[in-house]
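Each chain, written out:
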Amino acid sequence: MVVVDKVKAVIEDAGVYKIVDLFTRKPSGLKINETDAIVVTAKTEEGDRTVTRTFYFCLKPDGTFYEESIARNGSRARRRRLASFLRHYKLARDVKSYNIKKRIGEWRGVPVEVIPVEKDGIKDAIIYVP
């Protein structure tokens, strides 16, 4: 796998979806406590590439989510990745009280970093999350 420098991009769209609305069958690896997904779409500044990143989690009724999970599996890592995304791009100072449902509309226009990746001759890219 060859990784090159980060490219600047801007979030074009972001939305919260129920997993049942995105998939007819829950993807393998997702646990029962992961019921929602955030889909973030960003476009590079050159406009040559559109990148999508999906974060899986469980949205609480008040619009927030638990960063911690009692499970010791990928579920915890996925929640922490979302929290890291929110902190790194300065979308939220206090992740614990950040209302995703209300504030996701503010994500449009936020600059992000994209990492172009080439694997087995196929060019792709991912939104960088530390």
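Structural notes, computed from the coordinates. (Residues numbered from 1 in each chain as written. Predicted model: local features only at pLDDT ≥ 70, side-chain atom pairs only at ≥ 80, totals over all residues. Heavy atoms only, no water.)

Some thoughts on the pairing of strand β5 (residues 111–119)
Step number 1: As paired strands, strand β2 (residues 7–18) and β5 are joined by 4 bridges and run antiparallel to one another. Bridge pairing in β5 places V10 opposite P111.
Step number 2: With 6 bridges connecting them, β5 and strand β6 (residues 122–127) associate as antiparallel partners. From the neighbouring strand, V114 faces β6, where its bridge partner is I127.
Step number 3: Hairpin connection between β5 and β6: a loop of 2 residues separates the two successive antiparallel strands, and D120 in this loop has a positive phi of roughly 55°. (Pairing = 2+ DSSP bridges. Helix = DSSP H or I, 4+ residues; strand = E, 2+ residues; numbered from the N terminus.)

What to know about the environment of K43
Step number 1: Within the element layout of this structure, K43 appears in strand β3 (residues 36–44).
Step number 2: Judged by relative accessible area, K43 falls into the partly exposed class, the value being 30%.
Step number 3: Remark: the alpha-carbon pair of K43 and A9, spanning 34 residues in sequence, is separated by 5.3 Å. (Buried < 20%, exposed > 50% of the residue type's maximum accessible area, 1.4 Å probe, protein only.)

A word on the pairing of strand β4 (residues 50–57)
Step number 1: When β3 meets β4, the two strands line up antiparallel, connected through 8 bridges. The residue of β4 that forms the bridge with V40 is R53.

Brief notes about the environment of K26
Step number 1: Within the fold, K26 resides in the loop between α1 (19–22) and β3.
Step number 2: By relative accessible area, K26 is classed as partly exposed at 35%.
Step number 3: Along the sequence, K26 and N73 sit 47 residues apart, while their C-alpha atoms lie 17 Å from each other.
Step number 4: Leaving out residues up to four positions away in the same chain, K26 has contacts with I19, K31, I32 and E34.
Step number 5: A distance of 3.0 Å separates a polar side-chain atom of K26 from the backbone oxygen of E34. (Contact = heavy atoms within 4.5 Å. Polar contact = N/O pair within 3.5 Å; in protein donor to acceptor, adjacent residues only side chain to side chain.)

Description of the side chain of D36
Step number 1: For D36, the position within the fold is in strand β3.
Step number 2: Judged by relative accessible area, D36 falls into the buried class, the value being 2%.
Step number 3: In terms of polar contacts, D36 uses its side chain to reach the side chain of K18, at 3.1 Å.
Step number 4: In this structure, D36 is in contact with Y17, K18, I19, F55, Y56, F57, C58 and L59, ignoring residues within four places of it in sequence.

Section: helix α2 (residues 74–88)
For the α-helix, the turn length of 3.6 residues means that residues three or four positions removed from each other point alike.
Step number 1: The terminal C-alpha atoms of α2, which comprises 15 residues, lie 20 Å apart, in line with the 21 Å expected from a rise of 1.5 Å per residue.
Step number 2: For α2, the full list of buried residues reads S75, R76, R78, R79, L82, A83, S84, F85 and L86.
Step number 3: In this structure, the buried residues of α2 make contact with β2, β3, β4, α3 (100–103) and β6. (Expected span 1.5 Å × (residues − 1).)

A word on the pattern of salt bridges
Step number 1: Going through the model one piece at a time under the given rule, you end up with 5 salt bridges.
Step number 2: Between R108 and D13 there is a salt bridge, with the nearest N and O atoms lying 2.8 Å from each other. Of this pair, R108 sits in the loop between α3 and β5 while D13 sits in strand β2, and the two are 95 residues apart along the sequence.
Step number 3: Classification of R108 as exposed rests on a relative accessible area of 54%.
Step number 4: For D13, a relative accessible area of 30% gives the class partly exposed.
Step number 5: With its nearest N and O atoms 3.0 Å apart, the salt bridge here joins E106 to R103. (Salt bridge = Lys/Arg side-chain N within 4 Å of Asp/Glu carboxyl O.)

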